[in-house]
Amino acid sequence: MVAERIDGKAYAQTVRERVAGQVAFLKSKYDITPGLAVVLVGEDPASQVYVRNKNKVTVEAGMKSEEIRLEKDATQAEVLAVVDRLNNDPTIHGILVQLPLPPQVDEMAVINAIDPAKDVDGFHVINSGRQAVGLDAMVPCTPLGCITLLKERIGDLSGLNAVVVGRSNIVGKPMASLLLAENCTVTIAHSKTKDLPGLCRTADILVAAVGRPEMIRGDWVKDGATVIDVGINRIETEGGKSRLVGDVCYPEAEQKAGAITPVPGGVGPMTIAFLLVNTVTACCRSNNIEIPEIE
Ligand code: NDP
């Protein structure tokens, strides 16, 4: 049996529509417009595409969108000055600094300069810590999108074996923490893990966040497992063209898995949708109002 394709793009569209409904409600009832600021330093082509996309969906949802671009040789002080201005701007509820930053800028220092209440990426140490101990926190958008897809597809995740391949602060670790909070038995794998194929074969839920094109092969996947492929890798094809693939070899894995996210069209659109969700959450919390429930 071929695996069910988990359509993240379609699900993300429903999330974005719900957010648009919440934004309309906040405007009409409280005269508040959620605002998101995205800071881009330099000219990395992939980052430019992401930022353009984020700006577009923010505006489509009816929110205020501010894009701040700094030259690639911007100093750390200049980046911090922008963050400080946004921290103090009452019309901005969410601040996202597009990573990676150029080498002269200390990423951790910039992330931790963002007001944790406006940290819609959820990378600030306060938010990482709060999430780790189970307090209300801004949760990073990609893991939040992944856990939502998993709960949507499986329902109760309690007792399932989950393997997360990758231990980055922005995907692997928060993903593992969310799975643990859902009572999964979680293993985090990384580049020093022994017998990775064997470990992956134990997974009812397999999350790949590695950044290596099609590294996870079909025979690493347990029969019927749910596979979430976070990886976004551009590979060269014939004729000087390129295409996007995940960290999982989709054609092989779909022969074993019960369900699997495609790349593109899986986790990527969910990440952007949950950026909007986090911005509405930040806006409501800062104004001390309930998050509107929109079907
Ligand atoms: P990082 O480079 O920060 O982390 C990669 C992780 O993979 C590390 O923990 C590393 O281990 C591990 N790893 C590398 N090689 C191997 C290997 N051979 N075997 C086992 N583990 C390995 O990447 P990110 O977490 O930032 O991103 C991962 C992928 O997800 C990328 O393709 C990225 O583009 C994509 N991504 C997609 C998003 C989306 O919206 N869909 C959002 C964010 C990222 P170690 O720690 O030991 O070095």
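Below is a summary of the structure that appears in this document.

Quick notes on the rules
- Residues numbered from 1 in each chain as written.
- Predicted model: local features only at pLDDT ≥ 70, side-chain atom pairs only at ≥ 80, totals over all residues.
- Heavy atoms only, no water.
- Phe/Tyr/Trp six-rings, centres within 6.5 Å; stacked < 30°, edge-to-face > 60°.
- Buried < 20%, exposed > 50% of the residue type's maximum accessible area, 1.4 Å probe, protein only.
- Axes fitted to C-alpha atoms, helices over the stretch in contact; angles between N-to-C directions.
- Helix = DSSP H or I, 4+ residues; strand = E, 2+ residues; numbered from the N terminus.
- Parallel < 35°, antiparallel > 145°, perpendicular 65-115°, else oblique.
- Left-handed = near helix turned anticlockwise from the far one by under 90°.
- Contact = heavy atoms within 4.5 Å.
- Nonpolar A, V, L, I, M, F, W, Y, C, P; charged D, E, K, R; others polar.
- Near = heavy atom within 4 Å.
- Polar contact = N/O pair within 3.5 Å; in protein donor to acceptor, adjacent residues only side chain to side chain.
- Areas by Shrake-Rupley, 256 points an atom, 1.4 Å probe, with all protein chains shown as cover.
- Expected span 1.5 Å × (residues − 1).
- Core = buried A, V, L, I, M, F, W, Y, C linked by side-chain atoms within 4.5 Å.
- Domains from an automatic or database assignment.

1. Let's talk about the packing of aromatic side chains
No. 1: For the coordinates displayed, the defined rule picks out one aromatic pair.
No. 2: Each ring, one from Phe25 and one from Tyr30, has its centre 6.5 Å from the other, and the planes form 75°; the classification is edge-to-face.
No. 3: Take Phe25: its relative accessible area is 33%, and that puts it in the partly exposed class.

2. Some points on the packing of helix α2 (residues 45–60) against helix α10 (residues 267–286)
No. 1: At their nearest, the axes of α2 and α10 sit 10 Å apart, and the two run at 50° to each other. Looking at the two axes, α2 sits oblique to α10. For the pair α2 and α10, the sense of crossing is right-handed. Residues Asn53, Lys54, Val57 and Thr58 of α2 lie in contact with α10, whose contacting residues are Ile272, Leu275 and Leu276.
No. 2: Looking at the contact of α2 with α10 residue by residue, the classes come out as four nonpolar, two polar and one charged.

3. Side note on the site of the ligand
No. 1: Lining the immediate surroundings of the ligand are 22 residues, of which Arg167, Ser168, Ser191, Arg212 and Thr271 lie closest.
No. 2: In the environment of the ligand, an oxygen atom lies 2.6 Å from a nitrogen or oxygen atom belonging to the side chain of Ser168.
No. 3: Between the ligand and Val230 there is a distance of 3.3 Å, counted from a nitrogen atom to a backbone nitrogen or oxygen.
No. 4: Within the complex, the protein chains bury 70% of what would otherwise be the 940 Å² of accessible surface of the ligand.
No. 5: Ranked by residue count, the leading element in the shell around the ligand is α10, at three residues.
No. 6: Of the residues that constitute the shell around the ligand, the class distribution is ten nonpolar, ten polar and two charged.

4. Observations regarding helix α6 (residues 141–154)
No. 1: Here α6 is 14 residues long and its end C-alpha atoms lie 20 Å apart, about the 20 Å a rise of 1.5 Å per residue gives.
No. 2: Residues Cys141, Thr142, Pro143, Leu144, Gly145, Cys146, Ile147, Thr148, Leu149 and Leu150 constitute the buried set of α6.
No. 3: Packing partners of the buried residues in α6 comprise α1 (8–30), α7 (172–181), β7 (205–208), β8 (226–229) and α10.
No. 4: The positive-phi residue at the C-terminal boundary of α6 is Gly155, with phi of around 85°.

5. Focus on the nonpolar core
No. 1: Judged by nonpolar contacts, the single largest core of 52 residues is most densely connected at Val19, Met175, Leu179, Ile205, Val207, Ile228 and Val230.
No. 2: Secondary structure elements with two or more residues in this core: α1, β2 (35–41), α2, α6, β5 (161–165), α7, β7 and α10.
No. 3: When residues of this core are assigned to domains, at least three map to each of domain 1 (29–117) and domain 2 (141–267).

6. A few points about the environment of Leu36
No. 1: Its place among the elements puts Leu36 in strand β2.
No. 2: Note: C-alpha distance between Leu36 and Cys141 (105 residues apart in sequence) is 14 Å.
No. 3: Among residues more than four places away in sequence, those in contact with Leu36 are Thr58, Lys64, Ser65, Glu66, Ile92, Gly94, Ile95, Val120, Leu275 and Thr279.

Bear in mind that shape data such as this cannot, by itself, settle questions of function.
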